[in-house]
Amino acid sequence: MTPATAPNPLRKTDAPHLLALPPEELEHRLGEHMTTRGQPRYRVQQVREWIYEHLAEDFQEMTNLPQEEREALARSFRLAGPEAHTISRSSDGTAKHLWRMADGELIESVLIPSGDRLTLCLSSQAGCAMGCTFCATGWGGFARQLTPDEIVAQYRGSLRWALEHDYGAITNVVFMGMGEPLANRKAVHPALTILNSGFGLGARRITVSTVGVVPGILELAARPEQFGLALSLHSPDEELRAELIPLEKRFPLSDLLNALRKFRDAGGRRITFEYIMIRGINDGEELARPLGEMARELEAFVNLIPFNPIPYQDWQPSTPKRVEAFRATLEAMGVSAAVREPRGRDIDAACGQLRANALVQLEDGSGSRPRARAGGGARSQ
Ligand code: SAH
Ligand code: SF4
């Protein structure tokens, strides 16, 4: 591993990162670059193909470009991604990457194979400022926003790994790793464009998961592409929801539902409700009915997720019997609901978990911890 004091090659320049540019802008910038160098126009197309089709991480991979053109590109642009700090593979095929950013921050992304799907769950922030009480990332606090290239590089790096390890291509992307994507819209909007119109992943195969940032939902509704939206609902009751999700006080459920109506009315879009089931907290039968009514009105699909215990409090997952009864109530109301299988338990699949473990490892002296983080910083943000 590179010592923390070594100059970081990713940091040596402020040159634009080619994974951070929406495809049209990428072509424009490359066009200017090639014209200045007296290069033919088709070089732009060649570089574009290396990026989006061959998933190049280094200009030296671009073997149909003359050596001096590769070097000129490397002087004007960046292309490298974060280093894969750890890759853990579960017995069920789930594979988790822990990425180390240029400044030492750690984030994670997870590949989840299921039938003929391969879903990538990626991170939008290092840490999270939302402070949800059930979430390991929330307890860890917020470190910083990710840049568009840091988001898209998780896709490129994971896809390279998946193809090398016979997982096939990534069919779906969900923003359900670390962070609140709609609290980092400046980076998430371009990242969505780049995944969709650069890498060619269909908008309906990309889902943004939010804890309920209303202006962000409205912005997504206003985009022409039909990206999917998952709302982390976790309770149909405002009071209980506010105990689980501090943001509920800022964007109450009533406002949230109005935003979701607008999102649905924008046409052809999918809404999913995510509902973590915590024993004795939010799994009562009396909550299944109002949840079912909300889902029915918005034609939302409900994902029931057994709570994954985290180190910071003693909540437990709902019993399988309770989860099934909850699901049956929803189905009886005509709402489609599924129980999400816990995946990758043996590699710590809970949100933020792997990174938390890696930080403990680093603190033990098995590596250099990049920066001190105030414990429970999320609580005060
Ligand atoms: N901030 C966004 C997206 C990232 S959270 C959001 O909250 O929607 C990713 C997913 O992990 C969310 O569905 C969240 O509810 C879930 N999650 C967080 N902590 C969990 C836990 N302890 N057990 C099970 N799922 C958890
Ligand atoms: Fe942030 Fe989502 Fe975790 Fe809440 S559940 S703390 S919004 S990552």
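Structural data are supplied above this passage.
Throughout what follows, the structure given in this document is the object of discussion. (Residues numbered from 1 in each chain as written. Chains lettered and ligands numbered in written order. Predicted model: local features only at pLDDT ≥ 70, side-chain atom pairs only at ≥ 80, totals over all residues. Heavy atoms only, no water.)

A word on the site of ligand 2. In the neighbourhood of ligand 2, the contacting residues comprise C128, M130, G131, C132, F134, C135, G138, G179, E180 and V211. Of the residues contributing to the shell around ligand 2, the split by class is 6 nonpolar, 3 polar and 1 charged. (Near = heavy atom within 4 Å. Nonpolar A, V, L, I, M, F, W, Y, C, P; charged D, E, K, R; others polar.)

With that out of the way, let us pick up the packing of helix 5 (residues 148–164) against helix 6 (residues 185–198). Look at helix 5 against helix 6: their axes get within 8 Å of each other, and the N-to-C directions meet at 40°. It follows that helix 5 is oblique to helix 6 by the angle criterion. Crossing hand, helix 5 versus helix 6: right-handed. Contact residues: P148, I151, V152 and Y155 in helix 5; A187, V188, P190, A191, I194 and L195 in helix 6. For the contact of helix 5 with helix 6, the residue count by class is 10 nonpolar, no polar and no charged. (Axes fitted to C-alpha atoms, helices over the stretch in contact; angles between N-to-C directions. Helix = DSSP H or I, 4+ residues; strand = E, 2+ residues; numbered from the N terminus. Parallel < 35°, antiparallel > 145°, perpendicular 65-115°, else oblique. Left-handed = near helix turned anticlockwise from the far one by under 90°. Contact = heavy atoms within 4.5 Å.)

Attention now goes to the site of ligand 1. Taken together, 18 residues lie near ligand 1, and F134, G179, S209, S232 and N308 sit nearest. In the model, an oxygen atom of ligand 1 is placed 2.6 Å from a nitrogen or oxygen of the S232 side chain. Taking N308, its main chain carries an N or O atom lying 2.9 Å from a nitrogen atom of ligand 1. In the complex, the protein chains occlude 93% of the 540 Å² of accessible area that ligand 1 would expose alone. Looking at the shell around ligand 1, the elements that each hand over two or more residues are strand 8 (206–210) and strand 10 (271–277). For the shell around ligand 1, the class distribution of residues is 9 nonpolar, 7 polar and 2 charged. (Polar contact = N/O pair within 3.5 Å; in protein donor to acceptor, adjacent residues only side chain to side chain. Areas by Shrake-Rupley, 256 points an atom, 1.4 Å probe, with all protein chains shown as cover.)

With that settled, consider a positive patch on the surface. On the surface, R117, R204, R205 and R270 cluster together into a positively charged patch. Relative to the elements of secondary structure, R204 occurs in the loop between helix 6 and strand 8. With a relative accessible area of 43%, R204 lands in the partly exposed category. (Patch = residues over 30% accessible without salt bridge, like charges linked within 9 Å, V, L, I, M, F, W, Y side chains within 5 Å. Salt bridge = Lys/Arg side-chain N within 4 Å of Asp/Glu carboxyl O. Lys, Arg positive; Asp, Glu negative; His and termini not counted. Charge placed at Lys NZ, Arg CZ, Asp CG, Glu CD. Buried < 20%, exposed > 50% of the residue type's maximum accessible area, 1.4 Å probe, protein only.)

Take the pattern of salt bridges next. Under the counting rule described, the total for this entry stands at 17 salt bridges. A salt bridge links D103 to R144; the shortest N-O distance between them is 2.7 Å. Here D103 is found in the loop between strand 2 (95–100) and strand 3 (106–114), whereas its partner R144 is found in strand 6 (residues 142–145), with 41 residues between them in sequence. We classify D103 as partly exposed; its relative accessible area is 30%. R144 sits in the buried class, given a relative accessible area of 15%. For R185, the salt bridge identified is with E219, shortest N-O distance 3.2 Å. In this pair, R185 sits in helix 6 while E219 sits in helix 7 (residues 214–222), placing the two residues 34 residues apart along the sequence. For E219, a relative accessible area of 34% gives the class partly exposed. Residues joined in a network through salt bridges with shared partners are E57, E61 and R160.

It is worth spelling out a negative patch on the surface at this point. Together, D237, E238, E239, E243, D255 and E286 give the surface a local cluster of negative charge. Sorting elements by how many residues they give to the negative patch places helix 8 (residues 238–244) first, with 3 residues. Along the polypeptide, D255 turns up in helix 9 (residues 253–265). We classify D255 as partly exposed; its relative accessible area is 36%.

For the rest of this paragraph, the subject is the sheet that holds strand 10. Read from one edge to the other, the open sheet built from 10 strands follows the order 1-2-3-4-7-8-9-10-11-12, with strand pairing classed as mixed. The open sheet has two free edges, formed respectively by strand 1 (83–89) and strand 12 (337–339), since each of these has just one partner strand. Averaged over neighbouring strand pairs, the angle between their axes works out to 20° when direction is ignored. Across the face of the sheet, helix 11 (residues 320–332) comes into contact with strand 10, strand 11 (301–306) and strand 12 while running at roughly 165° to strand 12. (Pairing = 2+ DSSP bridges.)

Taking 1.5 Å as the rise per residue, helix 9 with 13 residues should run 18 Å; its terminal C-alpha atoms sit 18 Å apart, in good agreement. Among all positions in helix 9, only L253, L256, L257, A259, L260 and F263 are buried. Angular distribution of buried residues about the axis of helix 9 spans 160°; they occupy a single face of the element. Facing away from the buried side of helix 9, by more than 90 degrees, are the exposed residues K262 and D265. At its buried positions, helix 9 is contacted by helix 7, strand 9 (228–232), helix 8, strand 10 and helix 10 (285–298). (Expected span 1.5 Å × (residues − 1). Arc of directions from axis to C-beta.)

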